[in-house]
Number of protein chains: 2
Amino acid sequence: MIKNITSAANPLIKDIIKLKNDNALRKEKNLIIIEGEDLITLAYEHHLLDVVITSATPLYQDIDTYVVPPFILEKISSNKSTPQYMGIAHYAQVREIKGKRLIYLDNIQDPGNLGTILRTALAFSYDGLIINNRGVSPYNEKFIQASKGAIFGLPIYFEDDLSKIKNLGYQIVVTALKGAKDYREVSSNLAPMVLVLGNEGQGVQEKNMLLADWIIKIPMGNIDSLNVAIAGGILMNYFRD
Amino acid sequence: MIKNITSAANPLIKDIIKLKNDNALRKEKNLIIIEGEDLITLAYEHHLLDVVITSATPLYQDIDTYVVPPFILEKISSNKSTPQYMGIAHYAQVREIKGKRLIYLDNIQDPGNLGTILRTALAFSYDGLIINNRGVSPYNEKFIQASKGAIFGLPIYFEDDLSKIKNLGYQIVVTALKGAKDYREVSSNLAPMVLVLGNEGQGVQEKNMLLADWIIKIPMGNIDSLNVAIAGGILMNYFRD
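Please read all numbers here as calculations on a predicted model, not as lab measurements. (Residues numbered from 1 in each chain as written. Chains lettered and ligands numbered in written order. Predicted model: local features only at pLDDT ≥ 70, side-chain atom pairs only at ≥ 80, totals over all residues. Heavy atoms only, no water.)

Peer 1: In this structure, what is going on with the nonpolar core? I would like to understand it.
Peer 2: Grouped burial of nonpolar side chains is what soluble globular proteins tend to show. Ranked by internal contacts, the top residues of the largest apolar core, which has 109 residues, are Ile34(A), Ile103(A), Ile34(B) and Ile103(B). Filtering out sequence-adjacent residues up to four positions away, Ile103(B) remains in contact with Ile117(B), Ala121(B), Tyr126(B), Gly128(B), Leu129(B), Ile130(B), Val194(B), Leu195(B), Leu197(B) and Met236(B). Residues Ile17(B), Ile53(B), Leu73(B) and Ile76(B) belong to the second largest nonpolar core, which totals 18 residues. (Core = buried A, V, L, I, M, F, W, Y, C linked by side-chain atoms within 4.5 Å. Buried < 20%, exposed > 50% of the residue type's maximum accessible area, 1.4 Å probe, protein only. Contact = heavy atoms within 4.5 Å.)

The structure is reproduced here in structure tokens:
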């Protein structure tokens, strides 16, 4: 259905603006707002696109499309330069945790870090990202921006309890600064495994440390910590086929 | 000298606010605005601290300190939560490029990436960061925030012409997606060397590609590029002692 809308007071537009301003609502409804033609094309190809809002030519006959003046897109956009195409999409709901190598994020706070980690996990053929419930939300628009389209590339699971994942047979690899061995002492083709990356300030929670089969570190010279996305990148590049 | 200032109209405060709002002026004067006690302590220890502005107890008798009400700090701060301590510091001016391993940044645009790369370079004992004149400025406050105190840990050089560095005897290692070999085919203790990291969208400039002794890539699975700071992290972790 293609619909011309000229007023920001239109109930459909008001609903979208409400959705844009309410992260909890997006999470509850499993909806994300995406910007730009590339991301919209990607969502469409993954059958995850629900609505297109555009000031240009509609892209798909089989997707609900609202053709609007640019000022309405500006109201919805989180970017400085308003795109011609925006959309509403959803994440694939994958309930059963599976795959050879997964990432578990223990309270990652920064949406940029979360996006970069997702993008890296996709690049190195990881099978999914597990997010616990106290970190930054994958419904956050800065995360979506930082992930550069990787959001539709691999499953995002919500699971707080790491022991459930360990009970599925996964070996738990945890990063720490103290009491840890050089990561190169662990076999690079360890599988099935979950690499646990900790909060930017506090690291991995004590209860998750206790579940570790391997506690590892990246040897450093001059400073006592790396950005979590960098540490994750080095380790994902190591633990793979 | 410790001075109590209560008005934002005080010429000293007006000068600081002007400095805060003018990146070009900061660059011209080689001055940066730093926030928080940790960064101020670090600048002091490196003899790079010029002025402290605080709503709390002065820290150093030998540093010019302005004691001000919190609203003045709020005017100067770029953070959401205003710190009790702010300062003006400068970069060490190191003219002669030296050291075993350096990073050359070819038009890096994102201050977060620049900060993370600097922090990683320090962690892996690199000897300095060379910045060309078209990328994001190291006088940018988002860069200073992202570098988490690494700014005083290693020299930052300004040099656009990579051939000058090559002529000093450095081997030039460039990252690219096409026509590149797996980085693990190059000796990890290559030295002296410069690792060239390219712009987020365009990669390394053609003229710098032509100077390369080694063109390398990080083999990937599902996606055709990594965030530049992640690629840099993996390569800095590889090329070191």
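Peer 1: Would you mind going over the interface of chain B and chain A with me for this structure?
Peer 2: Where interface size is quoted, it is often the accessible area lost as the parts come together. With 23 residues of chain B at the contact, the number on the chain A side is 23 residues. Counting each side, the surface lost to burial between chain B and chain A is near 2100 Å², with a carbon and sulfur contribution of 56%. Across the chain B-chain A interface, the total number found is zero salt bridges. Scanning the region where chain B abuts chain A turns up nine residue pairs in polar contact (both at pLDDT 80 or more). When residues of the side of chain B that touches chain A are traced back to their parent elements, those giving at least two are helix H5 (111-123) and helix H9 (228-238) of chain B. (Buried area = accessible area lost by both parts, 1.4 Å probe. Salt bridge = Lys/Arg side-chain N within 4 Å of Asp/Glu carboxyl O. Polar contact = N/O pair within 3.5 Å; in protein donor to acceptor, adjacent residues only side chain to side chain. Helix = DSSP H or I, 4+ residues; strand = E, 2+ residues; numbered from the N terminus.)

Peer 1: Explanation requested: the relation of the copies chain B and chain A in the structure shown.
Peer 2: Both copies of the chain are placed relative to one another by a rotation about an axis and a shift along it. Take chain B, turn it by 180 degrees, move it 0.0 Å along the axis, and it overlays chain A with an RMSD of 0.0 Å. Interpreted geometrically, this transformation is the action of a two-fold axis. (Least-squares fit on C-alpha atoms with pLDDT ≥ 70 in both.)

Peer 1: Even after reading the chapter, I still don't get the packing of aromatic side chains, so can you show me in this structure?
Peer 2: Any pair of aromatic rings gets described here by the distance separating the centres and the angle formed by the planes. Applying the stated criterion across every chain yields a total of ten aromatic pairs over all chains. Taken together, a centroid distance of 3.6 Å and an interplanar angle of 5 degrees make the contact between Tyr44(B) and Tyr60(B) stacked. With a gap of 16 residues between them, Tyr44(B) in helix H3 (residues 37-45) and Tyr60(B) in the loop between strand S3 (49-54) and strand S4 (64-67) connect regions that are remote in the sequence. Its relative accessible area of 26% is what places Tyr44(B) among the partly exposed residues. Grouped by ring-pair contacts, the aromatic residues Tyr91(A), Tyr139(A) and Phe158(A) constitute a single cluster. (Phe/Tyr/Trp six-rings, centres within 6.5 Å; stacked < 30°, edge-to-face > 60°.)

Peer 1: Help me understand the sheet that holds strand S7 (residues 128-131) of chain B, please; the structure alone is not making it clear to me.
Peer 2: All names here are of chain B. On the basis of which strands lie adjacent, the open sheet formed by seven strands has the order S8-S7-S6-S11-S9-S12-S10 and parallel pairing. Every interior strand has two partners, whereas the edge strands, strand S8 (156-158) and strand S10 (181-182), have only one. Here S10 runs beside strand S12 (residues 214-217); their pairing, made up of two bridges, is parallel. From the neighbouring strand, lysine 181 faces S12, where its bridge partner is isoleucine 216. In the packing of H9 onto the sheet, the strands contacted are strand S6 (101-106), strand S9 (171-175), strand S11 (193-198) and S12, and the crossing angle to S11 comes to about 160 degrees. (Pairing = 2+ DSSP bridges. Axes fitted to C-alpha atoms, helices over the stretch in contact; angles between N-to-C directions.)

Peer 1: What should I look at first to understand the sheet that holds strand S9 (residues 171-175) of chain A in this one?
Peer 2: By way of backbone hydrogen bonds, the strands of a sheet pair with one another, either parallel or antiparallel. Residues and elements named next belong to chain A. Read from one edge to the other, the open sheet built from seven strands follows the order S8-S7-S6-S11-S9-S12-S10, with strand pairing classed as parallel. In the strand order of this sheet, the two ends are held by strand S8 (156-158) and strand S10 (181-182), each with one partner. Direction of pairing for S9 relative to strand S12 (residues 214-217): parallel, over a ladder of three bridges. Paired with valine 174 across the bridge in S12 is isoleucine 215. Along the sheet, helix H9 (residues 228-238) makes contact with strand S6 (101-106), S9, strand S11 (193-198) and S12, crossing S11 at roughly 160 degrees.

Peer 1: Please explain unusual backbone geometry as it appears in this structure.
Peer 2: Trans is the prevailing form of peptide bonds, just as negative phi is the prevailing case for residues other than glycine. Omega for the bond connecting Ala191(A) with Pro192(A) falls within 30 degrees of zero, at -10 degrees, which places this linkage in the cis form. Within the secondary structure, Pro192(A) sits in the loop between S10 and S11. Non-glycine residue Ser125(A) carries a positive phi angle of around 60 degrees. Examined against the element boundaries, Ser125(A) turns out to sit in the loop between helix H5 (111-123) and strand S7 (128-131). Judged by relative accessible area, which is 37%, Ser125(A) ranks as partly exposed. At Asn107(B), a residue that is not glycine, the phi angle is positive and equals roughly 65 degrees. Within the fold, Asn107(B) resides in the loop between S6 and H5.

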